[in-house]
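# Architecture and fold: a report
So the chains spell out like this:
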Amino acid sequence: MKKHNFSAGPCILPQEVLKKASQAVLNFNDIDLSLIEISHRSADFVAVMDKATDLVLELMDLKGKGYTALFLQGGASLEFLMVPYNLMKTNGKAAYLDTGTWSSKAIKEAKLLGEIDVVASSKDKNYNYIPKDFKIPGDIDYFHCTSNNTIFGTQIKKFPKTEGVMVCDMSSDIFSRKLDFSQFDLIYAGAQKNMGPAGATLVVIKNDILGKTDRTIPSMLDYQIHISKESMFNTPPVFSVYVSMLTLEWLKNMGGIEAIEKLNNAKAELLYNEIDSNPLFEGAAAIEDRSNMNITFLLKDDTKKDRFDAMCKDAGINGIKGHRSVGGFRASVYNAMPIESIQVLVDIMNKL
Ligand SMILES: Cc1ncc(COP(=O)(O)O)c(C=O)c1O
């Protein structure tokens, strides 16, 4: 592909993954059938699901630590509801950190089921920073935060500590940086950023947090049912799971999260250095909270916008228009984005 794809999601995936995926659509495992026309209960597909979930736990260093990985549907947006359904007691209470549009959507859904204590919010500054001075109350069923704010370009660098259950929406920075994943009891992420095509949602759950509410949970929303059926309670999104498996395999072969984090840091540094040293541009997010995945920046001189847009277009740069709630530009530099593409963007900024 000739374009430099900075799209926020769905987004860039490794070329070798796309090649393998397209081959599997035509003829999967040399069985003369397509991946998307065989039963999800066939041995060939069950092996894909097993490998995908196994790779998730291996890459996160959560194997043998009491966690289950699930591939579900409904996007991260359905997790906004599934999390309280499974973790909040009747008349229960949960604490949420409000760091952007996606956090506030999660809060809205959770409020349908119980009392929500918003422990801190950065809404006062259009979510351009991560609040740090807040206390997580002790009398809650769980605490929820969003690790990376895709729209505003901020990222939690140091996670708050809590004795209770800790839930994190990692949709836009999962598998991008080394973390102690065992500090979380439940992690979820839509596949369509660092894993694969839209359609699957990854949920990683510490098994012993479940079954503690007196709520009646609809089957499709019940994590325990999905665990007992090994993500096959209903027909899973087979293509999305398969491509996620290929991407996780690609990541493992590259040296895992530790190796990709080094590349991601170098990529982000290259672009942030240009933003900070070029008088025509400024970063949109507070420096200490800057995301290494979604880099938001503004062009100070509006009269140069058309020229910048045209130069980007000519160079094959795709998807850097900022979200309407921030304006300016957003370069999403997920795991599969090569540093060479960022250099192309930096060269244009430099020549503007
Ligand atoms: C941080 C975050 N959470 C949740 C979502 C919603 O994900 P989905 O579209 O899979 O429901 C997004 C989508 O971009 C996101 O970036």
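In this report, the structure presented in the accompanying data block is examined.

About the thresholds
- Residues numbered from 1 in each chain as written.
- Predicted model: local features only at pLDDT ≥ 70, side-chain atom pairs only at ≥ 80, totals over all residues.
- Heavy atoms only, no water.
- Helix = DSSP H or I, 4+ residues; strand = E, 2+ residues; numbered from the N terminus.
- Rg over C-alpha atoms; globule rule 2.2 N^0.38 Å.
- Buried < 20%, exposed > 50% of the residue type's maximum accessible area, 1.4 Å probe, protein only.
- Contact = heavy atoms within 4.5 Å.
- Areas by Shrake-Rupley, 256 points an atom, 1.4 Å probe, with all protein chains shown as cover.
- Lys, Arg positive; Asp, Glu negative; His and termini not counted.
- Charge placed at Lys NZ, Arg CZ, Asp CG, Glu CD.
- Pairing = 2+ DSSP bridges.
- Right-handed = clockwise from strand over helix to strand, strands pointing away.
- Salt bridge = Lys/Arg side-chain N within 4 Å of Asp/Glu carboxyl O.
- Near = heavy atom within 4 Å.
- Polar contact = N/O pair within 3.5 Å; in protein donor to acceptor, adjacent residues only side chain to side chain.
- Nonpolar A, V, L, I, M, F, W, Y, C, P; charged D, E, K, R; others polar.

## Section: the overall build of the protein
Per the secondary structure count, the protein includes nine helices and 14 strands. Taken against the 2.2 N^0.38 rule, which gives 20 Å for 352 residues, the C-alpha radius of gyration of the protein at 21 Å falls within 12% of a compact globule. Dimensions of the protein, computed from the C-alpha atoms along their principal axes, are close to 60 × 55 × 30 Å. Counting only residues that meet the buried cut, the protein has 56% of its 352 residues in that class. In the protein, once contacts between residues fewer than 6 apart in sequence are set aside, the share between residues at least 24 apart is 67%. For the protein, the exposed surface amounts to about 15,500 Å²; the carbon and sulfur share of it is 50%. Charge-centre separation for the protein: the mean point of 40 positive side chains lies 3 Å from the mean point of 43 negative side chains.

## Looking at the pairing of strand β3 (residues 93–98)
By the criterion of burial, β3 is predominantly enclosed, with six of the six residues buried. Neither face of β3 is open: one carries Lys 93, Ala 95 and Leu 97, the other Ala 94, Tyr 96 and Asp 98, and all of them are buried. Relative to strand β4 (residues 115–121), β3 is paired through six bridges, and the arrangement is parallel. Among the inter-strand pairings, Asp 98 is bridged to a residue of β4, identified as Ser 121. In this region the chain leaves β3, passes through helix α4 (residues 101–110) and returns to the parallel neighbour β4; the handedness of that crossover is right-handed. Across three bridges, β3 lies against strand β5 (residues 142–146) in parallel orientation. What sits directly across from Tyr 96, in β5, is His 144.

## A short note on the pattern of salt bridges
Evaluation of the coordinates by the stated rule reveals eleven salt bridges. The salt bridge partner of Glu 58 is Lys 252, with a shortest N-O separation of 3.1 Å. You can see Glu 58 sitting in helix α2 (residues 43–59) and its partner Lys 252 sitting in helix α6 (residues 238–254), a full 194 residues away along the chain. For Glu 58, a relative accessible area of 32% gives the class partly exposed. What makes Lys 252 partly exposed here is its relative accessible area of 39%. In this structure, Lys 132 and Asp 289 form a salt bridge, with 2.9 Å as the shortest nitrogen-oxygen distance. In this pair, Lys 132 sits in the loop between β4 and β5 while Asp 289 sits in the loop between β11 (281–283) and β12 (294–299), placing the two residues 157 residues apart along the sequence.

## As for the site of the ligand
Inspection of the region around the ligand gives 13 residues, with Ser 77, Thr 150, Asp 169, Gln 192 and Lys 193 positioned closest. At a separation of 2.4 Å, an oxygen atom of the ligand approaches a polar side-chain atom of Thr 150. Contact between the ligand and Lys 193: an oxygen atom at 2.5 Å from a side-chain N or O atom of the residue. Compared with its free state, where it exposes 400 Å², the ligand has 85% of that area covered by protein. Residue composition of the shell around the ligand, grouped by class: three nonpolar, eight polar and two charged.

Treat this as a map of the structure, not an account of what it does.
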